[in-house]
Amino acid sequence: MEAQYRAAMNHALQTGAEILDRGGSSLDAVQAVISGMEDDPLFNAGRGAVFGADGKNHLDASIMDGATRAAGAVADVTHTRHPIQLARAVMERSPHVMLAGEGAEAFGATQNIEQVPPSYFFTERRWQQLEQELRARNLPIPPRPAGAPPAPQGQLTFPDDHKFGTVGVVAMDERGNIAAGTSTGGTTAKLWGRVGDSPIIGAGTYAQNGVCGVSATGTGEYFIRVGVARDICARMEFAHETAAQAADHVFDELDAMHGDGGVIVMDGHGHAVWRFNTSGMYRARLEQGGQPVVQIFNDE
Ligand code: ASP
């Protein structure tokens with residue numbers, strides 16, 4: 001699986017680089033890279049998303065344009081193949097910033113955003129993780145979703161790797177415009193319409209030209225309360241901290257609350273850093289000369 005993750009991240013870098021190299025916008029790069037990862041069952045976004053306690057995939061996503069600070073987000077969508085594309089449509093083609101649930105998908109249908117049956121998002125790995133989590137919490141296990149493949153014979157084990165698989169991208173284009181986006185299935189066995197930080201502008205995603213771009217992953221309950229993405233940007237804007245210093249300070253707060261996760265941060269000049277307090281984070285960046293850096297574990 002490690003090799004598959006590294007290949008997927010190299011592919012993501014290439015997708016983004018191709019768009020930026022031909023003069024495309026950072027928003028287009030963010031959308032294209034995230035859409036690709038939403039299609040990849042390795043990641044907790046789109047196909048391969050984790051399951052809620054009700055046995056369904058509830059998807060959240062957001063995107064922000066650092067040039068104008070326009071933003072779009074969707075929460076709790078269940079039929080949208082690419083939630084990041086719906087978030088972008090909310091930003092560009094609706095008067096609102098965030099749409100949730102059925103209304104978000106009704107809007108998507110008017111905008112030709114592709115809808116799929118919920119079983120499209122099913123993966124055995126995430127289903128087994130759900131069953132494990134529900135058993136550990138003494139909660140009932142829902143029936144397998146309609147349209148999912150039959151349960152495999154025998155015991156299957158997947159690595160419970162303690163690394164989050166939410167996808168996030170920050171990019172700067174040749175005009176200096178920064179964009180950031182995040183897409184997720186949330187947390188395994190989430191309850192009652194729970195929404196995490198990923199679709200919340202200022203918590204999971206933020207972008208402001210000349211200052212920063214941020215995308216976060218982790219247990220959203222902490223990231224919302226710390227206001228992670230906006231706090232990092234505010235430290236950079238008002239306290240003139242570097243991206244690394246700002247991320248360190250915000251992680252001091254998260255550590256004190258025992259909040260786990262990670263961030264990718266780009267500063268106003270396009271330098272990218274990351275910070276996480278888990279055993280690893282699937283992460284990649286293109287250096288300004290174009291060399292790819294792909295890492296997983298925290299000792300790399
Ligand atoms: N931040 C996401 C959430 O809380 C989950 C994750 O990043 O894995 O919904």
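Just above sits the structure.
I will try to describe carefully the structure that is included in this document. Computed from a prediction, not measured in an experiment: that's the story for all the values here.

**Quick word on the overall build of the protein**
So, step 1. What the protein contains, in helices and strands, is 8 helices and 11 strands.
So, step 2. If you line up the protein on its principal axes, its C-alpha atoms span 55 × 45 × 35 Å.
So, step 3. Here the protein, with 300 residues, has 54% of them falling under the buried criterion.
So, step 4. The contacts in the protein between residues at least 6 apart in sequence include a share of 63% that link residues at least 24 apart.
So, step 5. By element, 52% of the accessible surface of the protein is carried by carbon and sulfur atoms, the whole surface being about 12,900 Å².
So, step 6. Mean positive and mean negative side-chain charge positions of the protein (23 and 36 charges, respectively) differ by 3 Å.

**Quick look at the site of the ligand**
So, step 1. Near the ligand, the surroundings consist of Phe 164, Thr 166, Thr 184, Gly 186, Thr 187, Arg 194, Gly 196, Asp 197, Ser 198, Thr 217, Gly 218 and Gly 220.
So, step 2. Here Asp 197 contributes a side-chain N or O atom positioned 2.6 Å from a nitrogen atom of the ligand.
So, step 3. The contact in question runs from an oxygen atom of the ligand to an N or O atom on the backbone of Gly 220, over 2.8 Å.
So, step 4. Computed on the free molecule, the ligand has an accessible area of 270 Å², of which 99% lies beneath the protein chains in the complex.
So, step 5. Along the lines of polarity and charge, the residues of the shell around the ligand split into 1 nonpolar, 9 polar and 2 charged.

**Description of the side chain of Thr 80**
So, step 1. Within the secondary structure layout, Thr 80 lies in the loop between strand 2 (70-77) and helix 3 (83-93).
So, step 2. Setting aside its immediate chain neighbours within four residues, Thr 80 contacts Leu 59, Leu 86, Glu 105, Ile 113, Glu 114, Gln 115 and Phe 121.

**Regarding the pairing of strand 2**
So, step 1. A large share of strand 2 lies buried, amounting to 6 of its 8 residues.
So, step 2. Across 6 bridges, the pairing between strand 1 (residues 59-65) and strand 2 is antiparallel. The partner of Met 64 across the bridge, within strand 2, is Ala 71.
So, step 3. Taking the residues that link successive antiparallel strands as the turn, the strand 1-strand 2 hairpin has 4 residues, and the phi of Arg 69 there is positive, at about 60 degrees.
So, step 4. Examined bridge by bridge, strand 2 and strand 3 (residues 98-100) share 3 bridges and lie parallel to one another. Note that in strand 3 the partner of Ala 75 across the bridge is Ala 100.
So, step 5. One crossover worth recording links strand 2 to the parallel strand 3 by way of helix 3, and it is left-handed.

**Considerations on the packing of helix 7 (residues 228-238) against helix 8 (residues 243-256)**
So, step 1. Between helix 7 and helix 8, whose axes approach to 9 Å, the crossing angle comes to 135 degrees. Here helix 7 is positioned oblique relative to helix 8, judged by the angle of their axes. In this structure, the crossing between helix 7 and helix 8 has a hand that is right-handed. The residues of helix 8 that touch helix 7, namely those facing Val 228, Asp 231, Ile 232, Arg 235 and Met 236, are Ala 243, Ala 246, Ala 247, His 249, Val 250, Glu 253 and Leu 254.
So, step 2. Grouping the constituent residues of the contact of helix 7 with helix 8 by class yields 8 nonpolar, 1 polar and 3 charged.

**As for the sheet that holds strand 2**
The strands that make up a sheet pair up through hydrogen bonds in the backbone, lying either parallel or antiparallel.
So, step 1. Pairing is mixed in the open sheet, where 5 strands are placed in the order 3-2-1-5-4. Of all strands in the sheet, those with a lone pairing partner are strand 3 and strand 4 (167-172), marking the two edges. For this sheet, the mean angle separating the axes of adjacent strands, direction not counted, is 5 degrees.
So, step 2. Pairing analysis gives 6 bridges linking strand 4 to strand 5 (residues 178-184), with the strands arranged antiparallel. Looking across to strand 5, one finds that Val 169 is bridged to Gly 181.

**Quick notes on the state of the cysteines**
So, step 1. A full pass over the atoms with the stated rule returns 1 disulfide.
So, step 2. A disulfide bridge connects Cys 212 with Cys 233, and the sulfur atoms are separated by 1.8 Å. One disulfide, between Cys 212 and Cys 233, carries an S-S torsion of 95 degrees and so falls in the right-handed class. Here Cys 233 lies in helix 7 and Cys 212 lies in strand 7 (residues 212-218), a separation of 21 residues in the sequence. Neither residue differs from the other here; Cys 212 and Cys 233 are each classed as buried.

**Considerations on the packing of helix 2 (residues 26-39) against helix 3**
So, step 1. Relative orientation of the contacting elements helix 2 and helix 3 amounts to 150 degrees, with a least axis distance of 8 Å. What the angle tells us is that helix 2 and helix 3 run roughly antiparallel. Contacts from Leu 27, Asp 28, Gln 31, Ile 34, Ser 35 and Glu 38 of helix 2 reach helix 3 at Pro 83, Ile 84, Gln 85, Arg 88, Met 91 and Glu 92.
So, step 2. For the contact of helix 2 with helix 3, a count of residues per class yields 5 nonpolar, 3 polar and 4 charged.

What counts and how
Residues numbered from 1 in each chain as written. Predicted model: local features only at pLDDT ≥ 70, side-chain atom pairs only at ≥ 80, totals over all residues. Heavy atoms only, no water. Helix = DSSP H or I, 4+ residues; strand = E, 2+ residues; numbered from the N terminus. Buried < 20%, exposed > 50% of the residue type's maximum accessible area, 1.4 Å probe, protein only. Contact = heavy atoms within 4.5 Å. Areas by Shrake-Rupley, 256 points an atom, 1.4 Å probe, with all protein chains shown as cover. Lys, Arg positive; Asp, Glu negative; His and termini not counted. Charge placed at Lys NZ, Arg CZ, Asp CG, Glu CD. Near = heavy atom within 4 Å. Polar contact = N/O pair within 3.5 Å; in protein donor to acceptor, adjacent residues only side chain to side chain. Nonpolar A, V, L, I, M, F, W, Y, C, P; charged D, E, K, R; others polar. Pairing = 2+ DSSP bridges. Right-handed = clockwise from strand over helix to strand, strands pointing away. Axes fitted to C-alpha atoms, helices over the stretch in contact; angles between N-to-C directions. Parallel < 35°, antiparallel > 145°, perpendicular 65-115°, else oblique. Left-handed = near helix turned anticlockwise from the far one by under 90°. Disulfide = S-S within 2.5 Å.

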